[in-house]
Amino acid sequence: MVNIDKNRLPRHIAIIMDGNGRWAKQHAMGRIRGHRKGAQAVRTTVTACREIGIAYLTLFAFSSENWGRPGEEVDALMNLLADYLDREASTLQEREIRLAAIGDIDKLYPPVRHKLLDIMKLTERNDKMVLNLALSYGSRDEIVGAVRKMVADQQSGKLSVEDIDKDRLAAYLYTAAMPDPDLLIRTSGEYRISNFLLWQLAYTELYFTDVLWPDFKKSDLLAAIAVYQRRERRFGLTSEQISGK
Ligand code: IPE
Ligand code: IPE
Ligand code: MG
C-alpha cells in the first residue's frame, strides 16, 4: 500500500469518474454493465475517503451534456442512481456522511430527485464527511445561473454592483458552502475538464490516470493522494515564499 501523510490530506477531492463505457467494451459487455460496475467503484471510493479522513468528496456522476446520450443509457443511469441512493442511505447515515448535490437537480427523473432530497434531509446533521454528487451538472450553466441571480438581486436592491467580487460570486454558485477542491482526479486517460467546476478548480492540483473508473481501487486513490502530497502549491508566489526560506 502507498504511504500517505495523514497530516497533509487534501480537504476536498473531486473526481471525474470516466471510462465506464470503455471498461464494458473491454469486457465485451454493453455500456450499462460498465455503469453498474462503476457504481461499485463509487462505493469503494466513498468508503476509502471516509476511512482516510477526507472532508469533502465531489463525484461527477452525470453532466448536463450527458442528457444527450441515447435514451436507454440515460434511463439506465437514472435507474442506477436511484438504486445507489436506495442502497446507500443507511450506510451514509451509519457512517455519519452528509449527502449533498450540485447541478440542475430539477431535471433529474422524479424518483431520483425525491430520493436524493430525502437522503440529503436524513443526513443533514452528519459531520464526518460530505459526499457531494454532481448531477445534471455543467459549470458554464452554473456560472450563468449565478450571474442571473446576481442581476435579479441587484435589480431588487439586495446587491449593489460595488459588492460584487470573487467571494460574492462564489457565494452564488452551487458550491457556496464548500471549499474549492484541492485535488481533482480524472480516470480513463482523458486530459480534459469537460465543463466541471471551472471556477472552483482555479488552483486545484490535477491528477490524471489511465485506470478506467470501474477498476478504480483504494490503492489508486492513495496513489493520487501521494502524488498530491509531493506537489508544491504556490498560488502564484515563489517557492521561497511558500517554504518560508
Ligand atoms: C463515465 O463513463 C460515466 C458517465 C459519463 C455517466 P462513460 O460512460 O463516459 O465511459 P466512456 O468515456 O464512454 O468510456
Ligand atoms: C464527464 O465524462 C462527465 C462525467 C464523468 C459524469 P464524459 O465522458 O461525459 O466527458 P467527455 O464527453 O469525454 O468530455
Ligand atoms: Mg466518458
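Look a little higher up for the structure.
The model shown is predicted, which means the values in this text are computed figures rather than measured ones. (Residues numbered from 1 in each chain as written. Chains lettered and ligands numbered in written order. Predicted model: local features only at pLDDT ≥ 70, side-chain atom pairs only at ≥ 80, totals over all residues. Heavy atoms only, no water.)

The subject of this paragraph is the sheet that holds strand β6 (residues 205–208). Judged by pairing direction, the sheet is parallel, and its six strands sit side by side in the order β3-β4-β2-β1-β5-β6 without closing on themselves. Looking at the sheet topology across the chains shown, the edges are occupied by β3 (97–102) and β6. Pairwise comparison of adjacent strand axes, ignoring direction, gives a mean angle of 20 degrees for this sheet. Where strand β1 (residues 12–16) and strand β5 (residues 183–186) come together, four bridges link them in parallel fashion. (Pairing = 2+ DSSP bridges. Helix = DSSP H or I, 4+ residues; strand = E, 2+ residues; numbered from the N terminus. Axes fitted to C-alpha atoms, helices over the stretch in contact; angles between N-to-C directions.)

So, about the side chain of Arg186. On the secondary structure map, Arg186 appears in strand β5. According to the relative accessible area criterion, Arg186 is buried, its value standing at 4%. A distance of 2.8 Å separates the side chain of Arg186 from the side chain of Asp18, its partner in a polar contact. A polar contact of 2.7 Å, which involves the side chain of Arg186, links it to the backbone oxygen of Arg192. (Buried < 20%, exposed > 50% of the residue type's maximum accessible area, 1.4 Å probe, protein only. Polar contact = N/O pair within 3.5 Å; in protein donor to acceptor, adjacent residues only side chain to side chain.)

Moving on: helix α2 (residues 31–52). Across its 22 residues, α2 extends 31 Å between first and last C-alpha, which sits within 8% of the 32 Å expected from 1.5 Å per residue. Of all the residues in α2, the buried ones are Gly34, His35, Gly38, Ala39, Ala41, Val42, Arg43, Thr45, Val46, Ala48, Cys49 and Ile52. With its phi angle positive at about 105 degrees, Gly53 sits one or two positions after the end of α2. (Expected span 1.5 Å × (residues − 1).)

Next up on the list: the site of ligand 2. Within the structure, ligand 2 sits among Ile16, Met17, Asp18, Phe60, Ala61, Phe62, Asn66, Arg69, Arg186, Arg192 and Ser194. Interatomic distance of 3.2 Å between a side-chain N/O atom of Asp18 and an oxygen atom of ligand 2. Arg69 has a polar side-chain atom sitting 3.3 Å from an oxygen atom of ligand 2. Across the complex, the protein chains shield 77% of the 390 Å² of accessible surface that ligand 2 would expose by itself. The dominant element in the shell around ligand 2, judged by the number of residues it contributes, is strand β2 (residues 56–63), at three residues. When the residues that make up the shell around ligand 2 are grouped by side-chain class, the tally is five nonpolar, two polar and four charged. (Near = heavy atom within 4 Å. Areas by Shrake-Rupley, 256 points an atom, 1.4 Å probe, with all protein chains shown as cover. Nonpolar A, V, L, I, M, F, W, Y, C, P; charged D, E, K, R; others polar.)

On to the site of ligand 1, then. Neighbouring ligand 1 are the residues Met17, Asp18, Gly19, Asn20, Gly21, Arg22, Arg31, His35, Ala61, Asn66, Arg69 and Leu77. Contact distances for ligand 1 include 3.3 Å between an oxygen atom and a backbone N or O atom of Gly19. A distance of 2.7 Å separates an oxygen atom of ligand 1 from a polar side-chain atom of Arg22. Relative to its unbound accessible surface of 380 Å², ligand 1 loses 86% to contact with the protein. Assessed atom by atom at 2 Å from the grid points, ligand 1 resides in the largest pocket. Elements that contribute at least two residues to the shell around ligand 1 include exactly α1 (20–26) and α2. Counting residues per element, the shell around ligand 1 draws most heavily on α1, at three residues. In the shell around ligand 1, the residues fall into three nonpolar, five polar and four charged. (1 Å grid on protein atoms, 1.4 Å probe; cavity = no way out; pocket = protein on both sides within 12 Å on 5 of 7 lines; lining within 4 Å. Sits in = over half its atoms within 2 Å of the grid points.)

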